[in-house]
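Inside the fold
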Amino acid sequence: MTIIWFNGPSNRQLIHSLPRQTFELGCNFIRRHRPVDVVCAYDIKTIIKIPIEDSVQYYTRPDAQYGSWNVINDPVIQSTNSGLLACYVASKKTNAPIYIVGCDWGITRQSNFEHLYDHTEPKRKYIQPHNDFVKRVFAGKQVWVVHDQQPDIDLPVVSVKQFKEQLEINI
């Protein structure tokens, strides 16, 4: 199983209690709260604040290349964000079922790391082309969003309770 950790406040329900899964990716400052295999970040101001660890892979876009970060040289990632970079990397690195946790699109503009960003007001986390990107990058893959509400994303949603029940069956 693959988990992609977005930074929406809804990830707090699982970020500390979910057992470590086979492959986990996260955005920006995820390592402050969760061990993951891959960190993706889009903004250079964020990237320079993230400490590098040998056991983690780091991905960004060409315009934000910094230090030992891996660069995704695919024009499809232009005008995306950190969460979408994680989706892109997951789509390339795994064929396992993928669950996105913390995708609060259309529910809140808040991020768990709002205090670490350089803007004063929370920015909208997505635009319609981002939804199209998700559909395109995950075409043919098994992907669900874990959420107790209906985020503005064109992927199937499974509640936190249903997700936990599925995990117990698969463990």
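My aim in this report is to walk through the structure given alongside it, one point at a time.

Basis of the calculations
Within each chain, residues carry numbers counting from 1 in the order of the written sequence. Reporting in this predicted model follows two pLDDT cut-offs: at least 70 for local features of residues, and 80 or more for side-chain atom pairs to be given and counted; totals over whole chains, interfaces and linings ignore these cut-offs and use all residues. As a rule here, side-chain values cover all heavy atoms of the structure and leave hydrogens and water aside. Like-charged residues are merged into a patch within 9 Å and nonpolar side chains (Val, Leu, Ile, Met, Phe, Trp, Tyr) within 5 Å, provided each residue has over 30% relative accessible area and no salt bridge. Accessible surface area values rest on a Shrake-Rupley calculation with a 1.4 Å probe, where residue burial reflects the displayed protein chains alone. Every case where a carboxyl oxygen of Asp or Glu lies within 4 Å of a side-chain nitrogen of Lys or Arg is listed as a salt bridge. A run of H or I in DSSP counts as a helix once it spans at least four residues, and a run of E counts as a strand once it spans at least two, with each numbered from the N terminus. Only protein chains enter the accessibility calculation, which uses a 1.4 Å probe. A residue is then buried if its area is under 20% of the maximum for its type, exposed if over 50%, and partly exposed in between. For two strands to count as paired, DSSP must find a minimum of two bridges between them. Throughout, a contact is declared for two residues whenever any of their heavy atoms are within 4.5 Å. Fitted lines through C-alpha atoms serve as axes, helices being fitted only where they are in contact, and the angles separating the N-to-C directions of these axes extend from 0 to 180 degrees. Among buried residues, those of type Ala, Val, Leu, Ile, Met, Phe, Trp, Tyr and Cys that are joined through side-chain atoms within 4.5 Å constitute a nonpolar core.

**Concerning a nonpolar patch on the surface**
Together, I44, I48 and Y66 make up an exposed nonpolar region whose accessible area comes to about 260 Å². One can find I48 in the loop between α1 (44-47) and β4 (57-60). Classification of I48 by relative accessible area gives partly exposed; the value is 47%.

**Digging into the pattern of salt bridges**
Applying the stated rule across the entire model yields seven salt bridges. For D63, the salt bridge is made with R61, and the minimal N-O distance between the two is 3.7 Å. Judged by its relative accessible area of 69%, D63 is exposed. Taken together, the shared-partner salt bridges in this structure form one network comprising R20, E24, R34 and D37.

**Some points on the sheet that holds strand β3 (residues 38-40)**
Taken together, eight strands build an open sheet; the order of strands is β5-β4-β3-β2-β1-β6-β7-β8 and the sheet is parallel. Whereas interior strands pair on both sides, the edge strands pair on one side only; in this sheet they are β5 (70-71) and β8 (157-158). Contacts from helix α2 (residues 82-93) reach β1 (2-5), β2 (23-27), β3, β4 and β6 (98-101), with the element oriented near 160 degrees to β2.

**Observations regarding the environment of P75**
Take P75: it is sitting in the loop between β5 and α2. On a C-alpha basis, the gap between P75 and R61 in space is 9.3 Å, while along the polypeptide they are 14 residues apart.

**Focus on the pairing of β2**
Judged by how many residues are buried, β2 sits mostly within the fold: five of five residues are covered. Neither face of β2 is open: one carries F23, L25 and C27, the other E24 and G26, and all of them are buried. Summarising the sheet, β1 and β2 pair through four bridges and their orientation is parallel. Bridge assignment links I3 to a residue of β2, and that residue is E24. Where β2 lies against β3, three bridges are found, and the strand directions are parallel. Pairing of G26 across the sheet is with V39, part of β3.

**A word on the nonpolar core**
Counting residues in hydrophobic clusters, the biggest one holds 30 residues, and the most contacted among them are I4, F6, L25, I100, F138 and L155. When residues of this core are traced back to their parent elements, those giving at least two are β2, β3, α2, β6, α3 (128-137) and β7 (143-146). The greatest single-element share of this core, amounting to seven residues, is contributed by α2. With residues near it in sequence (within four places) discarded, F138 still touches I4, C87, S91, I98, I100, V143 and L155.

**Regarding unusual backbone geometry**
In this structure, N28 takes a positive phi of about 50 degrees despite not being glycine. Of note, N28 is situated in the loop between β2 and β3. Phi is positive for S79, which is not a glycine, with a value near 60 degrees. Along the chain, S79 turns up in the loop between β5 and α2.

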